Amino acid sequence: MNKIAVFCSASDYIDSVYTEKAAQFGAWMGENRKWLVYGGSNRGLMETVARAAKEKGAMIMGVVPTKLEERGMVSDLLDVTFHTVNLSDRKDIMLQEADVMVALPGGVGTLDEIFHVMAGGTIGYHDKKIIFYNVNGFWDDILHFLKGLEEQRFAHHPLNNYMQVANTFEELIQLLA
Ligand SMILES: Nc1ncnc2c1ncn2[C@@H]1O[C@H](COP(=O)(O)O)[C@@H](O)[C@H]1O
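Residues numbered from 1 in each chain as written. Predicted model: local features only at pLDDT ≥ 70, side-chain atom pairs only at ≥ 80, totals over all residues. Heavy atoms only, no water.

- Per an unreviewed UniProt entry, the recorded name for the chain is Cytokinin riboside 5'-monophosphate phosphoribohydrolase, and the organism is Phocaeicola acetigenes.
- As stated in UniProt under Sequence similarities (unreviewed entry), the record for the chain gives "Belongs to the LOG family."
- In UniProt, the chain has this text filed under Catalytic activity (unreviewed entry): "AMP + H2O = D-ribose 5-phosphate + adenine". (UniProt positions renumbered as here; feature names shortened; annotations may be inferred.)

Structure representation (structure tokens):
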């Protein structure tokens, strides 16, 4: 898996535990000569993971919607830039370009990206998985909710067909191996 899409927070005001784990993951991507595919913003965990990855030698692909460009929120770390009209084509391009997707902690933007990938998988548009990197148990509530969907048969197939969970950095690396 050489191209890894990372979905994560664009907030600069979150706990440092998330920043540290994002930087550790970014550094691993660089050390292992991966491509980072992400939303290209210069904010929050997005900038943290990109900076750490670039410092260690990763190539950085940013998929940037016009609104971010208009607001001067584009990272200066990008080696390749895709310009998109909106968030929908941005998600399509990240999905198309990456071999696998990793969700670090994030807000509604990250949730939107996660469910775009999962929903596309469930009806057969692709067979790429999303890995929830469950730093600090951040995704526990969502994972519990998804389990409930299966138990109540709102999920048409086992959701593990479309997603994986890494509770530690070591588990994440194993899944990406
Ligand atoms: N306004 C946005 N700035 C940066 N990134 C965004 C924005 N809206 C959606 N995204 C994507 O979603 C996450 C970050 O959003 P959060 O709400 O902070 O989770 C990131 O992966 C972007 O690709």
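From this point on, the discussion continues.
### Looking at the sheet that holds strand S3 (residues 59-65)
Piece 1. An order of S4-S3-S2-S1-S5-S6-S7 is seen for the seven strands of this open sheet, with the pairing classed as parallel. Here the strands that pair on one side only, and so sit at the sheet edges, are strand S4 (80-84) and strand S7 (163-166). The sheet shows a mean angle of 25° between the axes of neighbouring strands, taken without regard to direction.
Piece 2. Relative to strand S2 (residues 35-38), strand S1 (residues 3-7) is paired through three bridges, and the arrangement is parallel. Following the sheet pairing, Ile-4 is matched in S2 by Leu-36.
Piece 3. Across the sheet, helix H1 (residues 16-31) touches S1, S2, strand S5 (100-103) and strand S6 (130-133), and the angle it forms with S1 is around 165°.
Piece 4. Along the sheet, helix H5 (residues 108-122) contacts S1, S5, S6 and S7; its crossing angle with S6, the most-contacted strand, is approximately 145°. (Pairing = 2+ DSSP bridges. Helix = DSSP H or I, 4+ residues; strand = E, 2+ residues; numbered from the N terminus. Axes fitted to C-alpha atoms, helices over the stretch in contact; angles between N-to-C directions. Contact = heavy atoms within 4.5 Å.)

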